[in-house]
Each structure stands twice: as C-alpha cells, then as structure tokens.
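Topology and contacts: notes
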Amino acid sequence: MSGRERREQLIDVGRKLFAAKGFEVVTIEEIAAKAGVSKPVVYEHFGSKDGLYAVIVDREMNALMGMVSDSLTGSSGGARDLLEKAGRALFDYIETHNEGFRILVRDSPVSQSTGNFASLLRDVASQVEARLAREFERQGFPAKLAPMYANMLVGMVALTGQWWLDVRKPKKEEVVAHVVNLAWNGLAGLEKKPTLKATKKA
C-alpha cells in the first residue's frame, strides 16, 4: 500500500470510529488496530488523534459546504426556491455522508476551535443571508433582519436533519417538503413588526 493509500485508509477507519463512538472514546491504538498498522504509522501521517480528526472534519465540512453552495449557485428563484434547494442539499449530504454528519454534530474536542457543527451552520447561514436580504428588500422587510432569519431557517433544517438521521422516516423528500412547508407558510404570513401576544407575568 502506498503512502497515499495508507493515509486514505486511516481516514476511512477514523471516520467510521469517530462516527460510531465519538472523539473522546476512540484511541490511537484502536485506529491502528482496525487499520492493521502500528501506532507510529498513524502518528507519521497525522501527528496525533487530533490531527486525524481535524483532517476528517475539514473534509466533511468542505463536502457539505460544496453541496450547499452548488445548490444555491445560479438560483434565480425567490425565497421558497432558495429554502427548498438549501434544505435538499443538507438532507442529500446527510443521506450520502451519514458518518461525516454524525462526526460534525458531535461535540468537538476542546482543541478544535473551528470545524464544529455550530461554525458550519454559521457558514451555511451566511450563504443564505445575502439572498434572503434581497428577498426581504423586495418584500419591504428590513434587510438588516436577514442574518437572524437565515440562522433560524438553517437551524430548523439542521436540527430536523439530526433527528431524521436516526429515524429515516418519512422519506427524505417528504421531510424536506414538510420543513419547507413550515418555514414557507410561516414566512408567507410574516408580520413586519411582530410582538409577543402573551403578557409577561410579574
């Protein structure tokens, strides 16, 4: 096995173990044993368990961001079209990269200041934000609120995706349709100056 092939093998083994058990539980010894190599081989390629984890997380984040970006590129539709495409892209990623998604939604090690699910969602929301701001301006809503709504929408889709990863029912397209239904019908009846109806008790 060439050095490159060995590196890819270790990434594949690490991805499976981190997805199944989480970062803290998996050991270098276990990774090496599963790959059929000695611990020094793992250290030679990645320096540490953190190094291997960082490579895997980076790949998964690039894969997800690539799928979301591709889905939104050239989108000429309005807010609903944007919502449908972003939702479908995230669920496509969950379906085809379920181990990677499990890694991203788990708690990151303390040494990882970036590359966690929260930072990923912020990146996705920032892509949605600019397009949503244009739609807000067109509809007469304050564009300055677009970042807040972008985070609301992305958070709703992502949390539903975490739930669906385990249950896998209903089918992916149906779940995305329901997410869009809730978000869109909420957006369609959006108040320009919303207030809370219930009065706060003293």
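Residues numbered from 1 in each chain as written. Predicted model: local features only at pLDDT ≥ 70, side-chain atom pairs only at ≥ 80, totals over all residues. Heavy atoms only, no water.

Let's shift gears to the nonpolar core. General note: in soluble globular proteins, nonpolar side chains tend to be found buried as a group. The biggest cluster of nonpolar side chains holds 59 residues, and the ones touching the most others in it are Phe18, Ile31 and Leu104. Once residues lying within four places of it in the same chain are set aside, the contact partners of phenylalanine 18 are Phe23, Val26, Ile31, Lys49, Leu52, Tyr53, Ile56, Ile103 and Arg106. (Core = buried A, V, L, I, M, F, W, Y, C linked by side-chain atoms within 4.5 Å. Buried < 20%, exposed > 50% of the residue type's maximum accessible area, 1.4 Å probe, protein only. Contact = heavy atoms within 4.5 Å.)

Turning our attention to the UniProt feature "DNA-binding region" (unreviewed entry) in the chain. Following the UniProt record, one finds the feature "DNA-binding region" (unreviewed entry) at residues 27-46. The annotated region residues 27-46 carries 80% helix and 0% strand content, and the separation between its end C-alpha atoms amounts to 14 Å. (UniProt positions renumbered as here; feature names shortened; annotations may be inferred. Helix = DSSP H or I, 4+ residues; strand = E, 2+ residues; numbered from the N terminus.)

This structure, assessed with the given rule, holds seven aromatic pairs. The rings of Phe18, Phe23 and Tyr53 are connected pair by pair, giving a single aromatic cluster. Taking the ring centre of phenylalanine 23 as reference, the NZ or CZ of lysine 49 above it sits at 4.3 Å. Sitting above the plane of the tryptophan 164 ring, arginine 168 keeps its charged end 4.9 Å from the centroid. (Phe/Tyr/Trp six-rings, centres within 6.5 Å; stacked < 30°, edge-to-face > 60°. Lys NZ or Arg CZ within 6 Å of the ring centre and 35° of its normal.)

The probe, sized like a water molecule, is rolled over the atoms to show the empty space still left. Here the structure, examined in full by the defined rule, presents two cavities of 30 Å³ or more. In this structure, the largest cavity encloses a volume near 160 Å³. Forming the walls of the largest cavity are 17 residues, and the residues nearest its centre are Ala86, Val124, Val128, Val154 and Val157. Here the element with the most residues in the lining of the largest cavity is helix H5 (residues 79-96); it accounts for six residues. Considered class by class, the residues forming the lining of the largest cavity number 16 nonpolar, one polar and no charged. (1 Å grid on protein atoms, 1.4 Å probe; cavity = no way out; pocket = protein on both sides within 12 Å on 5 of 7 lines; lining within 4 Å. Points joined across faces, edges and corners; volume = space filled by probe spheres on them. Nonpolar A, V, L, I, M, F, W, Y, C, P; charged D, E, K, R; others polar.)

Here the largest pocket is characterised by a volume of approximately 170 Å³. Taken together, Ala79, Leu132, Glu135, Phe136, Gln139, Phe141, Trp184, Leu187, Ala188, Gly189 and Leu190 form the lining of the largest pocket. Listed by contribution, the elements that provide at least two residues to the lining of the largest pocket are helix H7 (117-139) and helix H9 (172-188). The element that contributes the greatest number of residues to the lining of the largest pocket is H7, accounting for four residues. In terms of residue class, the lining of the largest pocket is made up of eight nonpolar, two polar and one charged.

Moving on to helix H2 (residues 28-35). Within H2 the residues assigned to the buried category are Ile28, Glu30, Ile31, Ala32 and Ala35. Check the buried side of H2 and you find it contacts helix H1 (3-21), helix H3 (39-46) and helix H4 (49-72). Glycine 36 lies just past H2 and shows a positive phi near 75 degrees.

On to the UniProt feature "domain: HTH tetR-type" (unreviewed entry) in the chain. As annotated in UniProt, the feature "domain: HTH tetR-type" (unreviewed entry) corresponds to residues 4-64 in the numbering used here. As annotated, residues 4-64 has a helix share of 82% and a strand share of 0%, and its two end C-alpha atoms lie 23 Å apart.

What follows deals with the side chain of glutamate 60. With respect to the secondary-structure elements, glutamate 60 resides in helix H4. When its relative accessible area of 4% is taken as the criterion, glutamate 60 is described as buried. Beyond its immediate chain neighbours, meaning those up to four positions away, glutamate 60 contacts Arg15, Tyr93, His97, Gly100 and Leu104.

With that out of the way, let us pick up the packing of H5 against helix H6 (residues 98-105). Where H5 contacts H6, the axes come no closer than 5 Å and their chain directions differ by 110 degrees. Looking at the two axes, H5 sits roughly perpendicular to H6. Taken together, the residues of H6 that come into contact with H5 (itself represented by Leu90, Tyr93, Ile94, Glu95 and Thr96) are Asn98, Gly100, Phe101 and Leu104. Looking at the contact of H5 with H6 residue by residue, the class counts come to five nonpolar, three polar and one charged. (Axes fitted to C-alpha atoms, helices over the stretch in contact; angles between N-to-C directions. Parallel < 35°, antiparallel > 145°, perpendicular 65-115°, else oblique.)

This part takes up the side chain of lysine 49. Within the secondary structure layout, lysine 49 lies in helix H4. Glutamate 24 is the oppositely charged side chain nearest to the buried, salt-bridge-free lysine 49, at an N-O distance of 5.2 Å. For lysine 49, the residues in contact, after removing those within four places along its chain, are Phe18, Phe23, Glu24, Val26, Thr27 and Ile28. (Lys, Arg positive; Asp, Glu negative; His and termini not counted. Salt bridge = Lys/Arg side-chain N within 4 Å of Asp/Glu carboxyl O.)

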